[in-house]
Amino acid sequence: MEIIKGSAKFILGLDKLTQIEKWWEQNPSAPGIAMVGRSNVGKSTLINSLFGNKTAKTSKTPGRTQKINIFTFKITGLEEHDFYLYDLPGYGFAEVPKQMRDNWNVIMDAYLRGLNDKTLIFNLQDARHPNQVTDKQFYDYINPKEIEIFLIFNKLDKLKKQKERAALNKLKPDIYADYKTVKQIFFVSAHKKQGLDPLEQAITGYMDRFIKV
Ligand SMILES: Nc1nc2c(ncn2[C@@H]2O[C@H](COP(=O)(O)OP(=O)(O)O)[C@@H](O)[C@H]2O)c(=O)[nH]1
Ligand SMILES: [Mg+2]
C-alpha cells in the first residue's frame with residue numbers, strides 16, 4: 001500500500017473554536033494523520049514529500065495565521081476511502097506574542113477534545129536539536145490528555161557523522177521512558193526523501209486497520 005502522490009486535496013482551514021467543534025461533530029470517525037511541531041522543523045516539506053510536491057503550498061497562509069489545514073488523501077488499494085491529513089498550527093516561534101500562544105491553545109484544545117481514536121498524531125522535531133524547550137512544553141501540554149504520539153526526527157541529512165546519528169539513536173530508550181505518550185520513533189530527511197518508507201508503511205497500515213474497525 002502507498003499514499004497516492006498528488007491525491008491530497010486541500011478542503012478547508014479552521015481557526016475558530018466553533019468550526020473545529022463542528023468538524024468533529026460532522027466527522028466523528030474520520031481516519032487520518034496530524035502533523036505538529038515547531039515552526040521551521042520541516043512540516044510542509046515532509047507533507048510534500050509524502051503526499052506530492054504541491055500539497056502544502058495549497059494551504060500557505062500569509063503571515064503567521066494559525067490554522068488547522070485539512071486535506072483528504074487516498075491510498076492504493078483503498079481508493080474508495082478518503083483519509084484526512086491535518087496540518088496543525090506550529091508552536092515555538094521565536095518571541096511568540098502572547099496572543100498567538102493563547103490562540104494556539106484555544107485551537108489545539110478544541111481539536112484534541114474532539115480527536116477520535118483513528119487519528120495518528122505525528123510530532124516533528126529537528127534531529128540536530130531534539131527536545132527543545134518548546135517541544136518539552138508541548139509534551140507537558142499533551143501528557144495529561146493521554147494522547148499517543150508518533151515522534152519524527154527530521155533533517156537527518158544534517159547529521160553528517162555516524163557518531164551523531166548513533167547518539168540520537170541511543171536517545172530512543174530514554175525518550176520512550178520519559179514520554180509515555182510516544183509510541184513510535186522515526187528518523188527521516190524530508191528534504192532528501194530518506195527514511196520515508198517505514199513512515200509511509202506505518203501510515204497506510206494504520207489507515208487500513210482503522211477503516212476495518
Ligand atoms: N536539510 C534539510 N532541510 C530541511 C528538511 N526539511 C525541511 N528543511 C528546510 O527547513 C526549512 C523549513 O521547512 P518547512 O517545511 O517550511 O517547515 P515548517 O515551518 O515546519 O512547515 C526549509 O528551508 C526547508 O527546506 C530536511 O529534511 N533537511
Ligand atoms: Mg509550514
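Refer to the structure above for everything that follows.
The rules behind the values
- Sequence positions are assigned chain by chain, starting from 1 and proceeding in written order.
- Going through the entries in the order they are written, you letter the chains from A and number the ligands from 1.
- Totals for whole chains, interfaces and linings use all residues, but because this is a predicted model, local features are given only for residues with pLDDT of at least 70 and pairs of side-chain atoms are given and counted only at 80 or more.
- For side-chain calculations, the full set of non-hydrogen atoms in the structure is used, while hydrogens and water are omitted.
- Strands are runs of DSSP state E lasting at least two residues, helices are runs of H or I lasting at least four, and both sets are numbered from the N terminus onward.
- As defined in this context, the radius of gyration uses C-alpha atoms, and a globule is described by 2.2 Å times the residue total to the power 0.38.
- Three labels apply to residues, based on accessible area from a 1.4 Å probe with only protein chains included: buried if under 20% of the type maximum, exposed if over 50%, partly exposed otherwise in between.
- The contact rule is simple, with two residues in contact once any of their heavy atoms fall within 4.5 Å.
- Only the protein chains shown count as cover for residues, with accessible areas throughout obtained via the Shrake-Rupley method and a probe of 1.4 Å.
- Proximity is defined per residue: any heavy atom of the residue falling within 4 Å of a molecule or strand makes that residue near it.
- By the criterion applied in these results, polar contacts are pairs of N or O atoms within 3.5 Å in which, for protein atoms, one can donate a hydrogen and the other can accept it, and in which residues neighboring in sequence qualify only through two side-chain atoms.
- Gly is placed with the polar residues, together with every amino acid not listed as nonpolar (Ala, Val, Leu, Ile, Met, Phe, Trp, Tyr, Cys and Pro) or charged (Asp, Glu, Lys and Arg).
- Think of a salt bridge as a Lys or Arg side-chain nitrogen and an Asp or Glu carboxyl oxygen that are within 4 Å of each other.
- Lines are fitted to the C-alpha atoms to define the axes, a helix being fitted only along its stretch in contact, and any angle between axes, read from their N-to-C directions, falls within 0 to 180 degrees.
- By the definition adopted for this analysis, an angle is roughly parallel if under 35 degrees, roughly antiparallel if over 145, roughly perpendicular if from 65 to 115, and oblique otherwise.
- Here a crossing is called left-handed whenever its near helix is offset anticlockwise from the far helix by less than a right angle, and right-handed whenever the offset is clockwise.
- Here a strand pair is declared whenever DSSP counts at least two bridges between the two strands.

Enquirer: Please explain the overall build of the protein chain as it appears in this structure.
Expert: Within the protein chain, the secondary structure is distributed over seven helices and seven strands. Secondary structure elements in the protein chain, listed N-terminal to C-terminal, are β-α-β-α-β-β-α-β-α-β-α-α-β-α. The C-alpha atoms of the protein chain give 16 Å as radius of gyration, which agrees with the globular expectation for 213 residues (17 Å, within 12%). When the backbone C-alpha atoms are referred to their principal axes, the protein chain occupies close to 50 × 45 × 35 Å. In the protein chain, which comprises 213 residues, the proportion classed as buried is 49%. Sequence separation of at least 24 residues holds for 74% of the intrachain contacts in the protein chain that already meet a minimum separation of 6. Here the protein chain has roughly 11000 Å² of accessible surface; of this, 49% comes from carbon and sulfur atoms.

Enquirer: I tried to follow the site of ligand 1 on my own but got confused; where do I start?
Expert: By nearness alone, 15 residues border ligand 1, and Asn 40, Lys 43, Ser 44, Thr 45 and Asp 157 come closest of all. Asn 154 has a polar side-chain atom sitting 3.1 Å from an oxygen atom of ligand 1. Between ligand 1 and His 191 there is a distance of 3.1 Å, counted from an oxygen atom to a backbone nitrogen or oxygen. Protein contacts shield 73% of the accessible area of ligand 1, which totals 580 Å² for the unbound molecule. Take the shell around ligand 1: its biggest share by element is three residues, from helix α2 (residues 43-51). Here the shell around ligand 1 is composed, by residue class, of two nonpolar, eight polar and five charged.

Enquirer: Just checking my understanding: could you explain the pattern of salt bridges for this structure?
Expert: Scanning all chains against the criterion turns up 10 salt bridges. With its nearest N and O atoms 3.6 Å apart, the salt bridge here joins Asp 135 to Arg 38. Of the two residues, Asp 135 sits in helix α4 (residues 133-142) while Arg 38 sits in the loop between β2 (32-37) and α2, which places them 97 residues apart along the sequence.

Enquirer: How should the packing of α2 against helix α7 (residues 196-212) be read in this particular structure?
Expert: When two helices pack together, their arrangement is captured by the angle between the axes and the distance separating the axes. Where α2 meets α7, the axes come as close as 11 Å, and the angle between the chain directions of the two elements is 75°. Here α7 runs roughly perpendicular to α2, going by the angle between their axes. Only Leu 196, Leu 199, Glu 200 and Ile 203 of α7 make contact with α2, whose side of the interface consists of Leu 46, Ser 49 and Leu 50. A class-by-class count of the residues in the contact of α2 with α7 yields five nonpolar, one polar and one charged.

Enquirer: I keep staring at the packing of helix α3 (residues 98-114) against α4 and nothing clicks. Help me out?
Expert: Contact geometry of α3 with α4 gives a least axis separation of 12 Å together with a crossing angle of 45°. Considering the angle they form, α3 stands oblique to α4. For α3 against α4, the interelement crossing comes out right-handed. From α3, Trp 104, Asn 105, Met 108, Asp 109 and Leu 112 reach across to α4, where they touch Phe 138, Tyr 141 and Ile 142. The class makeup of the residues in the contact of α3 with α4 is six nonpolar, one polar and one charged.

Enquirer: How do you make sense of the sheet that holds strand β4 (residues 83-87) when you look at a structure like this?
Expert: Sheet strands pair via backbone hydrogen bonds, and the direction of the pair is either parallel or antiparallel. With mixed pairing, the seven strands of this open sheet are ordered in space as β1-β3-β4-β2-β5-β6-β7. Only two strands of the sheet have a single neighbouring strand rather than two, namely β1 (9-14) and β7 (182-187). Across the sheet, the mean angle from the axis of one strand to that of its neighbour is 25°, orientation sign disregarded. As paired strands, β2 and strand β5 (residues 119-126) are joined by six bridges and run parallel to one another. Each residue of the ladder has a partner; that of Met 35, found in β5, is Phe 122. Strand contacts of helix α1 (residues 17-26): β1, β3 (68-73), β4 and β5, with the helix running at about 130° to β1, the strand carrying the most contacts.

Enquirer: In this structure, what is going on with the pairing of β3? I would like to understand it.
Expert: Strand residues, when the strand is regular, have side chains that alternate between the two faces of the sheet. Extensive coverage of β3 is indicated by the burial of six of its six residues. Both faces of β3 are covered, namely the face carrying Ile 68, Ile 70 and Thr 72 and the face carrying Asn 69, Phe 71 and Phe 73. The pairing of β1 with β3 spans five bridges and is antiparallel. Counted as the bridge partner of Lys 9 is Thr 72 from β3. The pairing of β3 with β4 spans five bridges and is antiparallel. Considered in β4, the bridge of Thr 72 is made with Tyr 84.

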